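Coordinates in review
Here is what each chain is made of, one letter per residue.
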Amino acid sequence: MLVRELTCLFVLACSLFPASAHAAAGWKPGSVQQVYDPKGKLYAYAPAAIEQGATEHYWTCHNTTDGKIKDDIWHTRRSGGKIVGDRRVIASGGTGWDKYHNCDPAVVAVTARYQGVTYGYAMFYLGNDVNASAHNQVGVAFAKTLDGPWVKYPKPLVGFPFDDPAAWGVGQPAVTAVNPAAGRLLLFYTAGGPGGTRAYRRDITLADMSAPVVGPAVEVTRAGLTGTDGKPDVLNNFDVAYDPSRDRFYAVREQHPYPTVPPKQIGASLQVASIDGASIWNGGGSWRVEGVIDPALTGLPRNHNAGILRTVYGTLPDTGSLTVIFTESCAGTCASLWSYDLWRITGTLT
């Protein structure tokens, strides 16, 4: 069947598990731990997290000047429980579509040729040209190694789709490999505008950046997802990883409604859910809730803007477990933005 053949193109071979197999996340006691704190009036959130050997790589939405709210993308390396590298790798500036904020990184291995150079990695990111949470678009940069340097492609791959420039736009990308040697990826993102908030995926090929192929937007279902009130919820601000052994996509997403006490714009809890590969390729289907990350579990007042620890291809490093890297912040009468730092939690998939 075509759907099964397409799904099997992911780097790890399909196993004999049926497509309906699923696994619930049983959180491991003691696995909640802080992994990165930028200190001072600096923030780090919305991580892309990759495990490569003994090193964990985090790319985050991060300000560079103490006390100034302007998003760049930083790369933090962690090994043996210690930070061994921390620096800015994508900077805002210039006059282009992404001159003000660069945020929400998503990194994946791919073979892409741009301006006569062949690169091995792509970083998708949100960019905009205004000092506001508006007019966002999704672009890409390339590097030969995870350490960079990263070279920006000058145009957005997913452009602003609305007539009103004050609308939020598109952003919060997530990505998995389909056939990385041929430049083929599956790109997920959020769109927010006059019609509400929705999630989409596109089948894209970046092998030749003189003519990138960006497929049509296919809406990703929200069926099965629930908010903190138990009611049906929207899908946005999510990261995705693929598990070939079960032919399922796992997502970690923020839950709504937001709290009624400050900071009211920051969610308190995250939900982990999974869905079969056929539903992602064809549309429709329903998510299965696998776990929740909330203050009762972590002991932290806000748990938000998370990423799944993945391989360079967007797959789970271990099909028996799932690790989430999430953002913590204070709550109440506090300067919540400057409290943003990264934590992790691991669950067993059973």
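Refer to the structure above for everything that follows.
Worth saying up front: this structure is predicted, and the values here are computed from it rather than measured. Numbering of residues starts from 1 in each chain and follows the order in which that chain's sequence is written. A pLDDT threshold of at least 70 governs which residues receive local features in this predicted model, and a stricter bar of 80 or more applies before side-chain atom pairs are shown or counted, although totals over entire chains, interfaces and linings include all residues. Hydrogens and water molecules were not included; the side-chain quantities draw on all heavy atoms of the structure.

One bridge is not enough; two strands pair if DSSP finds at least two bridges between them. The helix and strand labels rest on DSSP assignments: H or I over at least four residues marks a helix, E over at least two residues marks a strand, and numbering proceeds from the N terminus. The strand order 7-8-9-10 describes an open sheet built from 4 strands, whose pairing is antiparallel. Of all strands in the sheet, those with a lone pairing partner are strand 7 (101-114) and strand 10 (151-152), marking the two edges. Of the pairings in the sheet, the one linking strand 9 (residues 137-143) to strand 10 comprises 2 bridges and is antiparallel in character. Bridge pairing links Ala141 to Lys152 in strand 10.

Pairing of aromatic rings covers Phe, Tyr and the six-membered ring of Trp, with a centre-to-centre limit of 6.5 Å; geometry is then stacked below 30 degrees between planes, edge-to-face above 60, and tilted otherwise. Scanning the entire structure with this criterion turns up 12 aromatic pairs. Both rings, one in Tyr119 and one in Phe142, keep their centres 6.0 Å apart while their planes meet at 25°; by these two values the pair is stacked. Note that Tyr119 is positioned in strand 8 (residues 117-128) and Phe142 in strand 9, a separation of 23 residues in sequence. Only protein chains enter the area calculation, which uses a 1.4 Å probe; residues under 20% of their type maximum are buried, those over 50% are exposed, and those in between are partly exposed. Exposure remark for Phe142: the relative accessible area of 0% places this residue in the buried category. Between Tyr242 and Phe249 the ring centres are 4.8 Å apart and the planes differ by 45°, which places this aromatic pair in the tilted class.

Salt bridges, as used here, are contacts in which a Lys or Arg side-chain nitrogen is within 4 Å of a carboxyl oxygen on Asp or Glu. Applying the stated criterion across every chain, the model contains 10 salt bridges. Here Arg78 ties to Glu56 by a salt bridge, and the two come within 3.6 Å at their closest N and O atoms. Of this pair, Arg78 sits in strand 5 (residues 71-79) while Glu56 sits in strand 4 (residues 55-63), and the two are 22 residues apart along the sequence. Assessed through its relative accessible area of 10%, Arg78 is described here as buried. Where Asp147 meets Arg77, a salt bridge forms, and the shortest distance between an N and an O atom there is 3.6 Å. Of this pair, Asp147 sits in the loop between strand 9 and strand 10 while Arg77 sits in strand 5, and the two are 70 residues apart along the sequence. What makes Asp147 partly exposed here is its relative accessible area of 35%.

Taking strand neighbours across the sheet as the criterion, the 4 strands line up as 16-17-18-19 in an open arrangement whose pairing is antiparallel. The two strands at the open ends of the sheet, each matched to only one other strand, are strand 16 (238-243) and strand 19 (288-293). This sheet shows a mean twist of 20° between the axes of neighbouring strands, independent of strand direction. Bridge analysis of strand 16 against strand 17 (residues 248-254) gives 6 bridges, and the strand direction is antiparallel. Directly across from Tyr242, in strand 17, lies its bridge partner Phe249. Interaxial angles span 0 to 180 degrees and are taken between N-to-C directions of axes, which are lines fitted to C-alpha atoms, for helices over the stretch in contact.

Cysteine sulfur atoms that pair up within 2.5 Å are treated as a disulfide. This model, assessed by the stated rule, comprises 2 disulfides. Residue Cys61 pairs covalently with Cys103 via a disulfide, S to S 2.0 Å. Measuring the twist about the S-S bond at about -115°, one finds the Cys61-Cys103 disulfide to be left-handed. In this pair, Cys61 sits in strand 4 while Cys103 sits in strand 7, placing the two residues 42 residues apart along the sequence. Since its relative accessible area comes to 0%, Cys61 is described here as buried. Covalent S-S linkage joins Cys330 and Cys334, the inter-sulfur distance amounting to 2.1 Å. Linking Cys330 and Cys334, the disulfide has an S-S dihedral of approximately 105° and is accordingly described as right-handed. What makes Cys330 buried here is its relative accessible area of 19%. Judged by relative accessible area, which is 31%, Cys334 ranks as partly exposed.

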